[in-house]
Amino acid sequence: MTQTAALSPFEILARYERLSLAHASDTPEKLEAPGLWRGIGFRAGSRLFVSGIDEISELLAVPSLTPVPGTQAWLMGVANVRGNLVPVIDLSRFLFGERTQHTERTRLLIVRQGGGSVALMVDEVFGQRTVDTEQRRNAQQEDDPRLSRFVDERVGEPLLAVFSMGKLVRAPDFRQAAAA
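Quick caveat, the model's predicted, so the values are computed rather than measured. (Residues numbered from 1 in each chain as written. Predicted model: local features only at pLDDT ≥ 70, side-chain atom pairs only at ≥ 80, totals over all residues. Heavy atoms only, no water.)

Taken as a whole, this structure holds eleven salt bridges when the rule is applied. For Glu 124, the salt bridge is made with Arg 43, and the minimal N-O distance between the two is 3.0 Å. Of this pair, Glu 124 sits in strand 8 (residues 124–131) while Arg 43 sits in strand 1 (residues 37–44), and the two are 81 residues apart along the sequence. For Glu 124, a relative accessible area of 11% corresponds to the buried category. Shared partners join several salt bridges into a network, and the residues in it are Arg 43, Arg 105, Asp 123 and Glu 124. (Salt bridge = Lys/Arg side-chain N within 4 Å of Asp/Glu carboxyl O. Helix = DSSP H or I, 4+ residues; strand = E, 2+ residues; numbered from the N terminus. Buried < 20%, exposed > 50% of the residue type's maximum accessible area, 1.4 Å probe, protein only.)

Okay, here's the thing in structure tokens:
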């Protein structure tokens, strides 16, 4: 009889958990390197952005949407995300007035805000991006007035605008989705 055969199912799961935690115990040290900032890269329209990895809670393919009458054109509708109704915002349309063309690369970035979450539709997601101290030192200011309230700097090669989801969800015009 093997050692695990004498254990109850709960004890086996607890043992697996202990082994897994022991194996992963040094993971945070490997992930947290001084001077590095991590974000999720994405494209909205023709612009490339990166937002803090802690500002985006989830990435999803675009599910079916239910339109909401009487709202701004950039509010695409609501989506059912695991039983929760989440408003879906076309980020390109909100920022630039240009509608996102839905393709197989189109994704939703789920962002938490006070009272729930909001989904931002973007043209594509590039995955995790790392910005180091040298890139931060060589950062450029945002010159597009439509973006300067959400973007403090542009970094890296190609230039990625560091986009603040927190500033976006607190913006009065973003919070006012009812049509005028």
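Before going further, it helps to examine the sheet that holds strand 1. Taking strand neighbours across the sheet as the criterion, the five strands line up as 8-1-2-10-9 in an open arrangement whose pairing is mixed. Here the strands that pair on one side only, and so sit at the sheet edges, are strand 8 and strand 9 (151–155). Across the sheet, the mean angle from the axis of one strand to that of its neighbour is 35 degrees, orientation sign disregarded. Across six bridges, strand 1 lies against strand 2 (residues 47–52) in antiparallel orientation. Residue pairing in the sheet places Gly 41 in a bridge with Val 50 of strand 2. (Pairing = 2+ DSSP bridges. Axes fitted to C-alpha atoms, helices over the stretch in contact; angles between N-to-C directions.)

Here we come to unusual backbone geometry. Only a minority of non-glycine residues have a phi that is not negative, and only a minority of peptide bonds are not trans. Cis peptide bonds are those with omega within 30 degrees of zero, and the linkage from Glu 157 to Pro 158 qualifies with 0 degrees. You can see Pro 158 is positioned in the loop between strand 9 and strand 10 (160–163). Of note, the phi angle at Arg 82 is positive, near 50 degrees, even though the residue is not glycine. Tracing the chain through its elements places Arg 82 in the loop between strand 4 (75–81) and strand 5 (84–90).

On the surface, Leu 13, Tyr 16 and Leu 19 cluster together into a nonpolar patch covering about 340 Å² of accessible area. As for its position among the elements, Tyr 16 is in helix 1 (residues 9–23). (Patch = residues over 30% accessible without salt bridge, like charges linked within 9 Å, V, L, I, M, F, W, Y side chains within 5 Å. Areas by Shrake-Rupley, 256 points an atom, 1.4 Å probe, with all protein chains shown as cover.)

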